[in-house]
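Examination of the molecular architecture
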Amino acid sequence: MCGIVGYIGSNRAYDILIQGLKRLEYRGYDSAGVALVDCDGKLKIHKSQGKVSNLESIASGANVEGHLGIAHTRWATHGEPNDINAHPHVSQSGMIALVHNGTIENYAVLKKVLMEHGYEFKSETDTEVLVQLIEYIKLTSSCTLLEAVREALLQVEGAYAIAVVEQNDPDTLIVARKSSPLVIGVGENETFIASDATPIVGYTDQVIYLKDNEIGVIRRGEPVQVLSMFNNEPSTINIQKLKLSLAQLEKGGYDTFMLKEIFEQPSTLRDCLRGRIVDNCRRVTLSGVDLNQERFKTAERITLVACGTSWHAALIGKRLIQDFCKMPVEVEYASEFRYGNPVLNEKDIVISISQSGETADTLAAIELAKAKGAFVYGICNVVGASIPRTTDSGTYIHVGPEIGVASTKAFTGQVTVLTLLALSVGQLRGAIDDATLHEVLAALDKIPETIEEALKVDPEVKKLSRIFSYAHNFLYLGRGYNYPTALEGALKLKEISYIHAEGYPAAEMKHGPIALIDHDMPSVIIAPSDSLYDKIISNVQQVKSRGGAVVAIVSKGNKAMNDIADFCIEIPEVPECLTPLVASIPLQLLAYYIAVNKGKDVDQPRNLAKSVTVE
Ligand code: F6R
């Protein structure tokens, strides 16, 4: 949700900033802009509605010199996505420029006060208020930019990661964060700042993750300084080594990141499982669980909190934990949980699931759960993100950077870790028998190869997608473990093709949605040969008898469904609890190809952003 990047060093800042913005574009692409401080002390701003490529066109031929600069790619919150609302925002005198990721909640009050002091506003953004406030404080208190930034931030309520530069100081870059991520990359005589580490990769592997309420002061030729926003005291600086390669950030020969990420799943799941299934598939080792065995043994309830696709993974997690740990489990949208007065105590475990580790609602849910005494466990992909730094313990899914906005490999990584966790805790609590544990672990161990097999349906699904690209509405149905798979399949289609799709528990369909079915509304029905297969056959027949076309996802070798459904896609047979992992493969591909057939931008669908750092 908005990406910021900054550079100070001896190279041309513009080139580094533009490349950084392209890597951060997954966070938002409503508008983009740069502010450059020239060696002759001039501040140059270039900004434009739309993607970074538009900004490049606008800036081509213009003066983009300077060795200090900040830049922004926007996901609009306050004010529509146009040139004026694009960042960087500049103070009234034109001396100070600022980029911001987050939201300033009390901006209206601050704006009113500033207007009473003669400040005029050009944009509708909350960010412009902050840069004007900084200037107002600097002028009225005759203080330095650093002091003015600190003072202004103490008056601001909300979430922010900011970067600030001043026209007559080409040697200083100031950054700060509260509830929005900010990474500082420390190079040889050059420093980078960004919302995540992707713009920094290739320049340096030495990074500092700024903590909440910290200000970073980056002066040319000097070591980075980090100060506490509250008392101005220096904070301890922890320089970490970045484990991210350039190859992970490239498309690797695929047309899009999403397709690359779908096809990467055999190897990402191999990484996710590495070293976690031990003793000949008879035991799981997850350090987060192993180090907190007593917590997991004595817990009376587990609550899973997440948003979007991660919430779908949580629904699958609920069944896994119920089946293997035989304990009460609840699943909550993080956004509902945080305002729902949840009743929790120290016997509760709250598991938060997030690919980005920055989702504002999930972070707030974690804070609340911790405040109520629950033990909070995080399942996250991005290493060093806010969520893994806030939780009491947790597990990374290790599937590598997910750049396509629609989540694919993170979903299968989350479900895999939830399976490991459920089996591990089930064994710890004596709730699972050895034979079941061994059977599931042996199949999970082979899941990378099984997914490789599942991906072979690609040409078939591509062909099928042409038939269905005409549809305006879709129904996705599943039961048991695959009701969440149906929700996830529908979400994928909605996100990238803009076709309305509803995921539903197959048996619930007759309580309402069945009225929608006609020959213009296809249904995708997930019907592997599991304990509910006979039940779902009736649901397929109910759709068929009302004229609806059915695409059935069935287990390999199921020929009987050919007589009922219009199209069958076969998936490898696995234990019931692992069917969501394999069934989601054809659903990802179907959504992908339908969107491509419709000419949509699958990696950057409209209105969406990868990391949702606002409520
Ligand atoms: C869907 C998608 C979103 C995210 C949701 C949560 O494809 O990507 O629904 O799953 O915004 O994000 P994380 O997992 O980063 O907390």
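The shown structure was predicted, so the numbers you read here are calculated from the model rather than taken from an experiment. (Residues numbered from 1 in each chain as written. Predicted model: local features only at pLDDT ≥ 70, side-chain atom pairs only at ≥ 80, totals over all residues. Heavy atoms only, no water.)

Section: the pattern of salt bridges
Between side chains of opposite charge, a pair can form as their charged atoms come close. What counts, and what does not: Salt bridges are defined by distance alone: a side-chain nitrogen of Lys or Arg within 4 Å of a carboxyl oxygen of Asp or Glu. Each helix is a run of DSSP H or I of at least 4 residues and each strand a run of E of at least 2, with the numbering of both proceeding from the N terminus. Burial here depends on accessible area, computed with a 1.4 Å probe over protein chains only, as a share of the maximum for the residue type. Under 20% is buried, over 50% is exposed, and the range in between is partly exposed.
The tally for this structure, following the rule as stated, stands at 26 salt bridges. In this structure, E166 engages K138 in a salt bridge whose closest nitrogen and oxygen atoms are separated by 2.9 Å. Of the two residues, E166 is situated in strand β7 (residues 158-166) and K138 in helix α4 (residues 127-141); the sequence distance between them amounts to 28 residues. Residue classification places E166 among the buried positions, given a relative accessible area of 8%. One connected set of salt bridges, linked through shared partners, spans R12, D15 and E65.

Some thoughts on the packing of helix α7 (residues 265-273) against helix α14 (residues 409-428)
Cut-off, in case you're wondering: Angular values range over 0 to 180 degrees, each being the angle between N-to-C directions of two axes fitted as lines to C-alpha atoms, with helices fitted over their stretch in contact. For any pair of crossing helices, the crossing counts as left-handed if the nearer helix is rotated counterclockwise from the farther one by less than a right angle, and right-handed if it is rotated clockwise. Residue contacts are counted whenever heavy atoms from the two residues lie within 4.5 Å of one another. Three classes are used: nonpolar for Ala, Val, Leu, Ile, Met, Phe, Trp, Tyr, Cys and Pro, charged for Asp, Glu, Lys and Arg, and polar for all others, with Gly counted as polar.
For the pair α7 and α14, the least separation of the axes is 10 Å and the interaxial angle reads 35°. The interaxial crossing formed by α7 with α14 has right-handed handedness. On α14, the residues that touch Q265, T268, L269, C272 and L273 of α7 are K409, T412, G413, T416, V417 and L420. The residue inventory of the contact of α7 with α14, partitioned by class, reads 5 nonpolar, 5 polar and 1 charged.

Let's talk about the site of the ligand
Filter applied, for reference: Any residue with a heavy atom lying within 4 Å of a molecule or strand is counted as near it. Whenever two N or O atoms come within 3.5 Å, that pair is a polar contact, provided that in protein one can donate a hydrogen and the other can accept it, and provided that, for residues adjacent in sequence, both atoms are side-chain atoms. Areas reported here follow the Shrake-Rupley algorithm with a probe of radius 1.4 Å; residue values treat only the protein chains shown as occluding. Residue ranges for the domains originate in an automatic or database domain assignment.
As a structural note, the neighbourhood of the ligand is formed by 15 residues, with S310, S354, Q355, S356 and T359 the closest of them. S354 is positioned such that a nitrogen or oxygen atom in its side chain is 2.6 Å from an oxygen atom of the ligand. Taking 400 Å² as the accessible area of the ligand by itself, protein coverage stands at 90%. At the level of secondary structure, the elements contributing two or more residues to the shell around the ligand comprise α10 (308-325) and α18 (483-497). Across the shell around the ligand, the residue classes break down as 5 nonpolar, 8 polar and 2 charged. Residue contributions to the shell around the ligand reach at least three from each of two domains, namely domain 2 (251-445) and domain 3 (452-601).

Comments concerning the sheet that holds strand β19 (residues 348-354)
Our working definition: By this definition, two strands are paired if DSSP reports at least two bridges between them.
Ordered in space as β18-β17-β19-β20-β21, the 5 strands form an open sheet in which the pairing is parallel. Strands with a single pairing partner mark the edges of an open sheet, and in this sheet they are β18 (329-333) and β21 (393-396). On average, adjacent strands in this sheet sit at an angle of 20° to one another, irrespective of strand direction. Pairing analysis gives 5 bridges linking strand β17 (residues 301-306) to β19, with the strands arranged parallel. Paired with V305 across the bridge in β19 is S352.

Here we look at the domain arrangement of the protein
The line we're drawing: Simply put, the buried area is the total loss of 1.4 Å probe accessible area from both parts when two parts are fitted together.
By the assigned domains, the protein splits into domain 1 (3-247), domain 2 (251-445) and domain 3 (452-601). Computed over C-alpha atoms only, the centres of domain 1 and domain 2 are separated by 33 Å. Taken together, the 9 residues of domain 1 in the interface contact 9 residues of domain 2. Taking both partners together, domain 1 and domain 2 bury about 730 Å²; carbon and sulfur atoms supply 55% of that area. Contact with domain 2 buries surface across domain 1, with Y26, P181 and Y209 losing the most and accounting together for 47% of the total. Our enumeration of links across domain 1 and domain 2 arrives at 0 salt bridges. For the pair domain 1 and domain 2, the number of links is 1 residue pair in polar contact (both at pLDDT 80 or more). Of the residues assigned to the side of domain 1 that touches domain 2, the class counts are 7 nonpolar, no polar and 2 charged.

With respect to the environment of I349
Examined against the element boundaries, I349 turns out to sit in strand β19. Its relative accessible area of 1% is what places I349 among the buried residues. The spatial distance from the C-alpha of I349 to the C-alpha of E300 is 8.1 Å, given a sequence separation of 49 residues. When neighbours within four sequence positions are excluded, I349 is seen to be in contact with R295, F296, A299, R301, I302, T303 and F375.

Observations regarding the layout of surface pockets
Counted only if it meets this: Cavity: a set of points on a 1 Å grid over the protein atoms alone where a 1.4 Å probe fits but cannot get out. Pocket: an open set with protein on both sides within 12 Å along at least five of seven lines, its lining residues, like those of a cavity, having an atom within 4 Å of a point. Grid points are joined across faces, edges and corners, and a volume is the space filled by probe spheres set on the points.
Looking at the largest pocket, its volume works out to about 890 Å³. Lining the largest pocket are 41 residues, with K243, L244, N381, V382 and V383 positioned closest to its centre. The leading source of residues in the lining of the largest pocket is α7, at 3 residues. Per-class residue counts for the lining of the largest pocket are 16 nonpolar, 13 polar and 12 charged. Shared between two domains, the lining of the largest pocket holds at least three residues of each, these being domain 1 (3-247) and domain 2 (251-445).

Considerations on the environment of K556
Tracing the backbone through its elements, the reader meets K556 in the loop between β25 (550-555) and β26 (567-571). When the C-alpha positions of K556 and S529 are compared, they lie 8.9 Å apart, and in sequence the two are 27 residues distant. Beyond its immediate sequence surroundings of up to four residues, K556 is in contact with E453, E570, I571 and E573.

Details of empty space enclosed by the protein
By the definition in use, this model includes 2 cavities of 30 Å³ or more. Approximately 90 Å³ is the volume attributed to the largest cavity. If you go around the largest cavity, you meet 15 residues; those closest to its centre are C2, W75, T77, H87 and G102. When residues of the lining of the largest cavity are traced back to their parent elements, those giving at least two are β4 (68-74) and β6 (96-104). Looking at which element gives the most residues to the lining of the largest cavity, the answer is β6, with 3 residues. Looking at the lining of the largest cavity residue by residue, the class counts come to 4 nonpolar, 9 polar and 2 charged. Counted as a void, the second largest cavity has a volume near 40 Å³.

Comments concerning the pairing of β19
Counted residue by residue, β19 has 7 buried out of 7 residues, so it is predominantly covered. Of the two faces of β19, the one carrying D348, V350, S352 and S354 and the one carrying I349, I351 and I353 are both buried. Relative to strand β20 (residues 375-380), β19 runs parallel, the two being bridged by 6 bridges. In the sheet register, I353 faces β20, and the bridge partner there is I379.

Comments concerning the nonpolar core
Stated precisely, the cut-off is as follows: The definition of a nonpolar core used throughout is a set of buried Ala, Val, Leu, Ile, Met, Phe, Trp, Tyr and Cys residues joined through side-chain atoms within 4.5 Å.
Ranked by internal contacts, the top residues of the largest apolar core, which has 95 residues, are L304, F474 and Y476. The greatest single-element share of this core, amounting to 12 residues, is contributed by helix α20 (residues 579-597). No fewer than three residues from each of domain 2 (251-445) and domain 3 (452-601) sit in this core. If we ignore the near neighbours within four places in the chain, the residues touching L304 are A314, G317, K318, I321, V329, E330, V331, E332, I351, I353 and L418. Core analysis: the next-biggest nonpolar cluster, separate from the first, contains 30 residues, I96, V129, A148 and I174 among them.

Considering the packing of aromatic side chains
Put simply, the rule reads: Ring pairs shown here join Phe, Tyr and Trp side chains whose ring centres sit within 6.5 Å, with only the six-membered ring taken for Trp; geometry is labelled stacked below 30 degrees between planes, edge-to-face above 60, and tilted in between. Lysine NZ or arginine CZ positioned within 6 Å of the ring centre and within 35 degrees of the ring normal marks a charge as sitting over the ring.
Scanning all chains against the criterion turns up 12 aromatic pairs. Judged by centre distance (6.1 Å) and plane angle (85°), the ring pair of Y119 and Y136 falls under edge-to-face. With Y119 in the loop between α3 (107-116) and α4 and Y136 in helix α4, the pair connects residues that are 17 residues apart, well separated along the chain. Aromatic side chains F192 and Y203 sit 4.8 Å apart centroid to centroid with 25° between the ring planes, which places their arrangement in the stacked category. Within this pair, whereas F192 is found in strand β10 (residues 191-194), its partner Y203 is found in the loop between β10 and β11 (206-209), the two being separated by 11 residues in sequence. For F192, a relative accessible area of 2% corresponds to the buried category. On the basis of relative accessible area, Y203 is assigned to the partly exposed category, the value being 31%. Members of the aromatic cluster, connected to one another through ring pairs, are F468, Y470, F474, Y476 and F567. Geometry around Y498 places R606 over its ring, the cationic atom sitting 3.9 Å from the centre.

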